[in-house]
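Chains, contacts and geometry: an overview
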Amino acid sequence: QVQLAESGGGLVQAGGSLRLSCAASGSAFSRNVMNWYRQAPGNQRELVAQITSGGSTNYADSVKGRFAISRDNAKNTVYLQMNSLKPEDTAVYYCNGIAYGKWYWGQGTQVTVSS
């Protein structure tokens, strides 16, 4: 019942844009920080963007100026707008948040950036 579901991934050419969505099952995540992580094959999972309940944001250096995280609590959804995509952005992207005192992860959505 308590779950996160990412969507919006796909294949895009370098320089293009995608917007990822993370739909929460309810409002339980709204009071806490939400994160976007990514993981490429053979690589460790890395935090790329974070947004607090108050709207403050943090970004990995590798995506600063290109990615923007936002949240719409009325829709129980967190977004990751990705612009100026690079091949090195290719990864499975996961959203992550806290509900009822536990960390939850979505199933991931694949983003592939071609040259």
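Residues numbered from 1 in each chain as written. Predicted model: local features only at pLDDT ≥ 70, side-chain atom pairs only at ≥ 80, totals over all residues. Heavy atoms only, no water.

1. Regarding the environment of Asp-61
The line we're drawing: Counting from the N terminus, the helices are DSSP H or I runs at least four residues long and the strands are E runs at least two residues long. Summary of the burial criterion: residues with accessible area below 20% of their type's maximum are buried, those above 50% are exposed, and those between are partly exposed, where the area comes from a 1.4 Å probe applied to protein chains only. Distance and chemistry together define a polar contact, namely a pair of N or O atoms within 3.5 Å, with one atom able to donate a hydrogen and the other to accept it when in protein, and with adjacent residues in sequence counting only for side-chain atoms on both sides.
Tracing the sequence through the fold places Asp-61 in the loop between strand E6 (57-59) and strand E7 (67-72). Using a relative accessible area of 63% as the deciding quantity, one classes Asp-61 as exposed. Between the alpha carbons of Asp-61 and Ala-99 there is a distance of 28 Å; along the sequence they are 38 residues apart. Here Lys-64 takes part through its side chain, which lies 3.0 Å from a polar atom of the side chain of Asp-61.

2. Observations concerning the pattern of salt bridges
As a reminder, the rule being used: We define a salt bridge as a side-chain nitrogen of Lys or Arg found within 4 Å of a carboxyl oxygen belonging to Asp or Glu.
Enumeration according to the criterion identifies 4 salt bridges in this entry. Here the salt bridges share partners, and the residues they tie into one network are Arg-38, Glu-46, Arg-66 and Asp-89.

3. Quick notes on the packing of aromatic side chains
Rules: In this scheme Phe, Tyr and Trp rings, the latter by its six-membered ring, pair at centre separations within 6.5 Å, and the angle between planes marks the pair as stacked below 30 degrees, edge-to-face above 60, and tilted otherwise. A ring is scored as having a charge over it whenever the NZ atom of a lysine or the CZ atom of an arginine sits within 6 Å of its centre and within 35 degrees of its normal.
This structure, assessed with the given rule, holds 3 aromatic pairs. Ring geometry for Phe-29 against Tyr-104: centres 5.8 Å apart, planes inclined by 85°, an arrangement best described as edge-to-face. Taken together, the residues Phe-29 in the loop between strand E3 (18-24) and strand E4 (34-39) and Tyr-104 in strand E10 (residues 102-105) connect sequence positions 75 residues apart. For the pair Phe-29 and Tyr-104, one class covers both residues: buried. Taken together, the ring pairs connect Tyr-37, Tyr-94 and Trp-105 into an aromatic cluster. The ring centre of Tyr-94 lies 3.9 Å from the NZ or CZ of Arg-45, which sits over that ring. The positively charged end of Arg-45 is found above the aromatic ring belonging to Trp-105, 4.7 Å away from the centroid.

4. Brief notes about the sheet that holds E7
We apply this condition: Note: two strands are recorded as paired if DSSP finds a minimum of 2 bridges between them. Axis angles are defined between N-to-C directions and span 0 to 180 degrees, where every axis is a line fitted to C-alpha atoms and, for a helix, only to the segment in contact.
Taken in spatial order, the 4 strands of this open sheet run E1-E3-E8-E7, and their pairing is antiparallel. Of all strands in the sheet, those with a lone pairing partner are strand E1 (4-7) and E7, marking the two edges. On average, adjacent strands in this sheet sit at an angle of 15° to one another, irrespective of strand direction. By the bridge criterion, 6 bridges tie E7 to strand E8 (residues 77-82) in an arrangement that is antiparallel. For Arg-71, the partnering residue across the bridge sits in E8 and is Val-78.

5. A word on the environment of Ser-62
Rule in force here: Here a residue-residue contact requires only that any non-hydrogen atoms of the pair lie within 4.5 Å.
Of note, Ser-62 is situated in the loop between E6 and E7. Other than its neighbours up to four places away in sequence, Ser-62 contacts Arg-38 and Glu-46. One polar contact links Ser-62 to Arg-38, side chain to side chain, over a distance of 3.4 Å.

6. Points about the nonpolar core
The line we're drawing: Here, the term nonpolar core denotes a set of buried Ala, Val, Leu, Ile, Met, Phe, Trp, Tyr and Cys residues that are joined through side-chain atoms within 4.5 Å.
Among the nonpolar cores identified, the biggest contains 29 residues, and Leu-4, Trp-36, Leu-80, Met-82 and Tyr-93 are the most heavily contacted of them. Going through the elements one at a time, E3, E4, strand E5 (46-51), E7, E8, strand E9 (91-99) and strand E11 (109-114) are the ones with two or more residues in this core. Not counting chain neighbours up to four residues away, the residues in contact with Leu-4 comprise Cys-22, Ala-23, Ala-24, Phe-29, Met-34, Cys-95, Asn-96, Gly-97, Tyr-104, Trp-105, Gly-106 and Gln-107.

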